[in-house]
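Observations on the three-dimensional arrangement
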Amino acid sequence: MIVKTAAKSAGAEPRRVVAVGDTIISERGLVAIIGADPRYHVCGAAHTFQEANRLVRQHRPDVLVIEPFLENCDAIRWIKDLASEFPRIRILIVSAQSELTYAERAFRAGASGYWMKSSSVEELMHALETVLAGDVYASRAITSIAMQKFAGDRNLPPGLDVLSDREMAVFALIAAGHGIGQIAKELGISRKTVETHFEHIKLKLGYADAEALKRGARKLLGAVAGSPQRP
């Protein structure tokens, strides 16, 4: 969808934005919020993986504001691919997925910011301004955890950072109640590969069997994820 937004402010070209929501409602919400600020021009908006990729390549925006948990895609890998192909585009993640679970991975993949949808509109605009200034935007909670890790705090609780990005994608799909065959189809990998990921996840997180793995995934991610591909 091509979008017309508020007129630019005098003396400066508005920064170009592509906004991607996980649903059409989210898409239109982002357009309405960002497009109301004359500093920004929303040159494209989408709520599907294919349309988002097309718009990024067409418009080459200054910033991509994106809910990455779309359809049948590995969100972290998609962020990594976008950051690699378009290194000059700033990527601001907008998500309902727990930042404690996903923010660090998103930053490692190449994102410049991670804004939780439970936060305020003012904070979203601050995040957008921050990443466009060349800085990294993170909440106080994520900044605090990062500083504790930097300081070598050994009292931090064990997390899911022992999982690889692909294992994390599989674990999130398990939390959403997806079976081996469905996970294989959604991630474009073989059943055998999914089964191998199951075994590695069980070993790393200490689950005795497949049922314990499913219960653990729902407990850790189910409340915030619903479905990791379409939250």
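Up top is the structure these notes are about.
My aim in this report is to walk through the structure given alongside it, one point at a time. Worth saying up front: this structure is predicted, and the values here are computed from it rather than measured.

Of regular secondary structure, the protein chain possesses 10 helices and five strands. In the protein chain, the proportion of contacts linking residues at least 24 apart, taken out of those at least 6 apart, comes to 67%.

The next thing to look at is the packing of aromatic side chains. The full count for this structure, using the stated rule, is two aromatic pairs. Each ring, one from Phe 69 and one from Tyr 102, has its centre 4.9 Å from the other, and the planes form 70°; the classification is edge-to-face. In this pair, Phe 69 is assigned in the loop between strand S3 (63-66) and helix H3 (75-85) and Tyr 102 in helix H4 (residues 99-109), connecting sequence segments 33 residues apart. Of the two residues examined, Phe 69 and Tyr 102, each falls in the buried class.

Within the fold, Glu 67 resides in the loop between S3 and H3. You can call Glu 67 buried: its relative accessible area is 3%. A polar atom in the side chain of Glu 67 sits 3.5 Å from the backbone nitrogen of Asp 22. Here the side chain of Glu 67 touches Ser 26 through a polar contact of 2.9 Å, side chain to side chain.

Viewed as axis vectors pointing N to C, helix H7 (residues 165-175) and helix H9 (residues 191-205) meet at an angle of 90°, and their least axial separation amounts to 10 Å. Taken together, the axes of H7 and H9 are roughly perpendicular relative to one another. Within the contact between the two elements, H7 uses Arg 166, Glu 167, Val 170, Phe 171 and Ile 174 and H9 uses His 197, Phe 198, His 200, Ile 201, Lys 204 and Leu 205. The residue inventory of the contact of H7 with H9, partitioned by class, reads six nonpolar, two polar and three charged.

Residue alternation in S3 divides its side chains into two sets, Val 63 and Val 65 and Leu 64 and Ile 66, and both sets are buried. Examined bridge by bridge, strand S1 (residues 15-20) and S3 share four bridges and lie parallel to one another. In the sheet register, Val 18 faces S3, and the bridge partner there is Leu 64. In terms of strand pairing, S3 meets strand S4 (residues 90-95) through four bridges, oriented parallel.

Attention now moves to H4. Of the positions making up H4, those classed as buried are Glu 99, Thr 101, Tyr 102, Ala 103, Arg 105, Ala 106 and Ala 109. Trailing H4 by a residue or two, Gly 110 shows a phi angle of about 130°, which is positive.

Contact geometry of helix H8 (residues 180-187) with H9 gives a least axis separation of 9 Å together with a crossing angle of 110°. By the angle between their directions, the pair H8 and H9 is classed as roughly perpendicular. Two packed elements cross with a definite hand, and for H8 against H9 that hand is right-handed. Residue-level inspection shows Ile 180, Gly 181, Ile 183 and Ala 184 of H8 in contact with H9, the latter providing Arg 191, Val 194, Glu 195 and Phe 198.

Rules of the game
Residues numbered from 1 in each chain as written. Predicted model: local features only at pLDDT ≥ 70, side-chain atom pairs only at ≥ 80, totals over all residues. Heavy atoms only, no water. Helix = DSSP H or I, 4+ residues; strand = E, 2+ residues; numbered from the N terminus. Contact = heavy atoms within 4.5 Å. Phe/Tyr/Trp six-rings, centres within 6.5 Å; stacked < 30°, edge-to-face > 60°. Buried < 20%, exposed > 50% of the residue type's maximum accessible area, 1.4 Å probe, protein only. Polar contact = N/O pair within 3.5 Å; in protein donor to acceptor, adjacent residues only side chain to side chain. Axes fitted to C-alpha atoms, helices over the stretch in contact; angles between N-to-C directions. Parallel < 35°, antiparallel > 145°, perpendicular 65-115°, else oblique. Nonpolar A, V, L, I, M, F, W, Y, C, P; charged D, E, K, R; others polar. Pairing = 2+ DSSP bridges. Left-handed = near helix turned anticlockwise from the far one by under 90°.

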